[in-house]
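Examining the three-dimensional arrangement
Chain by chain, the residues run as shown.
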Amino acid sequence: MNKARLYLDIAVPVPIRRSFQYWAPYFDARPGIRVRVPFGNRELIGIILSSGEQPATEVEKIKPVLEVIDLEPIFSASLIEICNWAANYYLHPIGEVYFTAMPSKLRNGLKVSKQVTVLTVKETDPSQATQLLHRAPEQNKIWQLLKNRSELSSADLKALNLTNSRIQPLVNKGLLARHERTPLPQSAAPLKQAGLDLNHYQQEAISRVKDQGTYLLHGITGSGKTEVYLQLIAKTLRNGQQALILVPEISLTPQTLERFEQRFTVPVITLHSGLTEQQRAANWIACYNGSAAIIIGTRSSVFAPLLRPGLIIVDEEHDTSYKQQDGFRYSARDIAVIRGRRERVPVVLGSATPSLESLHNVNLGKYQLSSLPLRATGAAKEKYQLIDTRLSNSSSLLEKPLIKAIGKTLNAGNQVLIMINRRGYAPVLYCNECQWIARCEDCDARLTVHRRQAVIRCHHCGFQADQPKICGHCQQQSLVPVGEGTQRIEESLNNLFPDFPVLRVDSDSTHSRYALQDLLDQINQGKPAILVGTQLLAKGHHFSHVTMVIVLELDSGLMSSDFRSLEKISQLIIQAGGRSGRESRPGRVFLPTAFPQHRELKQLIGKGYLEFSKTLLAQRQQHKLPPFSFHALIRADSKNRNTALEYLDQVRKTAASITQAEILGPVLPAMEKRLGYYRAQLLVVSDNRAELHRAMLQIIDITETIKTRSVRWSLDVDPYDLY
Ligand code: ADP
Ligand code: ZN
Ligand code: ZN
């Protein structure tokens, strides 16, 4: 009787690093099908990973599947491989990996279909149509619009601004009908607008891209990388395939989306957190059933289901937002590369400032490098200039000579961009009498003054309080805001240049998408203005009227103990600088620093990013740092000081005796306390990937033998942030 049973390994969304076995009566149980199962006293939705006739344990202990949700897998075989690979590589619970790959409506059991609903236009005698519609002018208008077409997809209807409620009367009258069918491959003529004539470098870059392989496209800002993407996508569409484009942030760069929509006749769909759950599910289904040909998405869309994958592009591949910083800590860029290999499609990684990891992979022969060294419009490259701040007696970050240069630029009718990576008014509220500093009670952090709302705020946990009038320690009225954030710079500039608008772009000023769009519209009008912002400003925007850029506070990046900080600050400098002088006007970039002799900084601005990156790579090699070794981090935290530290110390002692990998720590991160928890971490290092992996598996085993309820711990493979 048991013969009729099928035993299924199911990935269930729980924080446990294994799958669970259930049984079901015989059915076509393919991997990637969703099922509902009992789990403890709950019911959960899980994904079938495999099936067989052998129970893994005593059959009495195996519970039955309650419901089979899908007839067909919702994950393709290659996507299943990729999810399994990711769960193994990042040592993350497999059910959570699969759930990251689905929109929440699907996690909750929404049924999906490979069919699409289309609207067909019935052949109708004109006189009959006139008769049916002569009292309904609105319906008649719609009929006139549609009568010569045969079939319309929901995207066509959307493009014509026709909602279901406007269509329904015509369906009722039998002029139109809805029905379901498999989506057709997209149009063989995908272009709405012809591509630009490519320059020699662009042609070269495109002809390199073969059916498979990973390509690193290094192109300075404005060199025409996007044009290369567009023409590669056109090729993909002509082959009847889908293109997936990953971008760091969609809502920040509406212009990119517009460019895609202007170029192609096929719909461009997006996948990102700004969509409603409904839209997200609908767009996911459009990828799944193949009706979407171009998919632009942020990090998690690297898992988008593709029916006919043809190309994967990762724009701004160096961007840290591709690495998830909590929960399932994956790198979407790295998974994109793996996915390209499994799906046998080319992967293009583009950036003006490629990550050292990717450049290293070029040196190893794993990726192929193409370069676009010139601006495509013929505009001159921006010029960089270091400003020695040691001689200044100014108390402000904005030095006198800079203020003069800003005035000149504005008076010549141009825009100025000032970048400072610190939002708020002042980073410190300080007592002149007793040296007291306002701090967050839950984090090892100072509270930032936000003057307009008159509050002090923790940028780590979100704590907020009214800005105190008297010192919390000596009760004197002696508190002063110290240091400058975007708001204070904005205030000084307003005072210095009352005749010109100062536009601030940071996460406080762009809470809503519309606020950002307003700011961008104002900037793009091109009137002289000053733009002040955080690194949000350096991301992907095209500001054709900016001719002067200032990057403030880069010294903290030059002097940080984070081994990646020099890479990060140089990427920021070049990305910010690239916003200037995009058309006929050359750009100038000013870098105030107390280290004007800094060797690497001088190399960066003198020889360019690629030369500079060679120096950094040599240093990493010398110090055996990534990408010349591999890191994994074990983070632990607890409510009590020392508990996490002692826990990790115990883990290290046990692990050190059995593993070849080097285990460093436990150490306290720079911010020991965060959100009320004390933190500690162990760093595991090896120059051998397999060895590192083995060590981490051993460490996971060890953590399971050490009993503690007061410590939470997590793993981070290839951590980007060690602090
Ligand atoms: P990137 O993505 O590298 O910053 P873009 O693709 O946005 O560069 O191109 C920058 C500008 O150059 C755009 O205005 C684009 O229209 C223009 N451009 C790109 N390729 C060409 C070309 N082959 N000929 C003329 N202009 C081009
Ligand atoms: Zn805090
Ligand atoms: Zn005081």
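Residues numbered from 1 in each chain as written. Chains lettered and ligands numbered in written order. Predicted model: local features only at pLDDT ≥ 70, side-chain atom pairs only at ≥ 80, totals over all residues. Heavy atoms only, no water.

**Comments concerning the coordination of the zinc ion (ligand 3)**
- Here the zinc ion (ligand 3) is held by the protein donor atoms Cys431 (SG), Cys434 (SG), Cys471 (SG) and Cys474 (SG), which lie 2.2 to 2.4 Å from it.
- Around the zinc ion (ligand 3) sit 4 donor atoms; with metal-centred angles ranging over 107 to 112°, the donor geometry is tetrahedral.
- Going along the chain, you hit the donors of the zinc ion (ligand 3) in the pattern C-x2-C-x36-C-x2-C. In this pair, Cys434 sits in the loop between strand S19 (428-431) and strand S20 (448-450) while Cys474 sits in the loop between strand S22 (464-466) and strand S23 (479-482), placing the two residues 40 residues apart along the sequence.
- Given the relative accessible area of 23%, Cys474 is considered partly exposed. (Donors = N, O, S within 2.8 Å, 3.2 Å for Na, K, Ca; no water. Tetrahedral: all angles 85-135°; square planar, octahedral: opposite > 155°, others 65-115°. Helix = DSSP H or I, 4+ residues; strand = E, 2+ residues; numbered from the N terminus. Buried < 20%, exposed > 50% of the residue type's maximum accessible area, 1.4 Å probe, protein only.)

**Digging into the nonpolar core**
- Core analysis: the largest hydrophobic core is formed by 117 residues, its most contacted members being Phe75, Tyr90, Tyr98, Phe303, Ile335 and Leu531.
- Tallying contributions element by element places helix H1 (residues 77-89) first for this core, with 8 residues.
- Apart from residues no more than four positions distant in its own chain, Tyr90 is found in contact with Trp85, Lys323, Phe328, Arg329, Tyr330, Ser331, Asp334, Ile335 and Val717.
- Listed in part, the 29 residues of the second largest apolar core include Leu198, Ile206, Tyr215 and Leu372. (Core = buried A, V, L, I, M, F, W, Y, C linked by side-chain atoms within 4.5 Å. Contact = heavy atoms within 4.5 Å.)

**A few points about the domain arrangement of the chain**
- In terms of domain boundaries, the chain breaks down into domain 1 (5-107), domain 2 (116-181), domain 3 (200-372), domain 4 (383-423 + 485-620) and domain 5 (630-717).
- Centre-to-centre separation of domain 4 and domain 5, based on C-alpha positions: 38 Å. (Domains from an automatic or database assignment.)

**Thoughts on the pairing of strand S11 (residues 242-246)**
- Here S11 lies mainly inside the structure; 5 of its 5 residues are buried.
- Burial along S11 is two-sided: Gln242, Leu244 and Leu246 and Ala243 and Ile245, pointing in opposite directions, are all buried.
- As paired elements, S11 and strand S14 (residues 309-315) share 5 bridges and run parallel to each other. Each bridged residue has a counterpart across the sheet, and for Gln242 the counterpart in S14 is Pro309.
- Inspection of the sheet shows S11 paired to strand S13 (residues 294-297) by 4 bridges, in the parallel sense. Bridge assignment links Ala243 to a residue of S13, and that residue is Ile294. (Pairing = 2+ DSSP bridges.)

**A closer look at the coordination of the zinc ion (ligand 2)**
- Within the protein, the zinc ion (ligand 2) binds to Cys440 (SG), Cys443 (SG), Cys458 (SG) and Cys461 (SG); these donor distances fall in the range 2.3 to 2.4 Å.
- Its 4 donor atoms give the zinc ion (ligand 2) angles of 105 to 112° at the centre, a pattern that matches the tetrahedral case.
- Mapping the donors of the zinc ion (ligand 2) onto the primary sequence yields the spacing C-x2-C-x14-C-x2-C. With Cys443 in the loop between S19 and S20 and Cys458 in the loop between strand S21 (455-457) and S22, this pair connects stretches of sequence that are 15 residues apart.

**A word on empty space enclosed by the protein**
- Within the structure shown, the criterion is met by 4 cavities of 30 Å³ or more.
- The volume enclosed by the largest cavity comes to roughly 50 Å³.
- Taken together, Ala205, Val209, Tyr215, Leu216, Leu217, Val228, Leu232, Val348 and Ser370 make up the lining of the largest cavity.
- Looking at the lining of the largest cavity, the elements with two or more residues in it are strand S10 (214-219) and helix H9 (225-238).
- Looking at the lining of the largest cavity, the element that brings in the most residues is S10, giving 3 residues.
- Broken down by class, the residue content of the lining of the largest cavity amounts to 8 nonpolar, 1 polar and no charged. (1 Å grid on protein atoms, 1.4 Å probe; cavity = no way out; pocket = protein on both sides within 12 Å on 5 of 7 lines; lining within 4 Å. Points joined across faces, edges and corners; volume = space filled by probe spheres on them. Nonpolar A, V, L, I, M, F, W, Y, C, P; charged D, E, K, R; others polar.)

**Concerning the site of ligand 1**
- Not every one of the 18 residues close to ligand 1 is listed here, only the nearest: Asp197, Gln202, Lys225, Thr226 and Arg259.
- For ligand 1, an oxygen atom lies 2.9 Å from a polar atom in the backbone of Gly222.
- Within the contact set of ligand 1, an oxygen atom lies 2.9 Å away from a backbone nitrogen or oxygen of Lys225.
- Protein burial of ligand 1: of its 560 Å² of free accessible surface, 77% is covered by the chains.
- Element by element, the count of residues in the shell around ligand 1 is highest for H9, at 3 residues.
- Split into classes, the residues belonging to the shell around ligand 1 amount to 4 nonpolar, 9 polar and 5 charged. (Near = heavy atom within 4 Å. Polar contact = N/O pair within 3.5 Å; in protein donor to acceptor, adjacent residues only side chain to side chain. Areas by Shrake-Rupley, 256 points an atom, 1.4 Å probe, with all protein chains shown as cover.)

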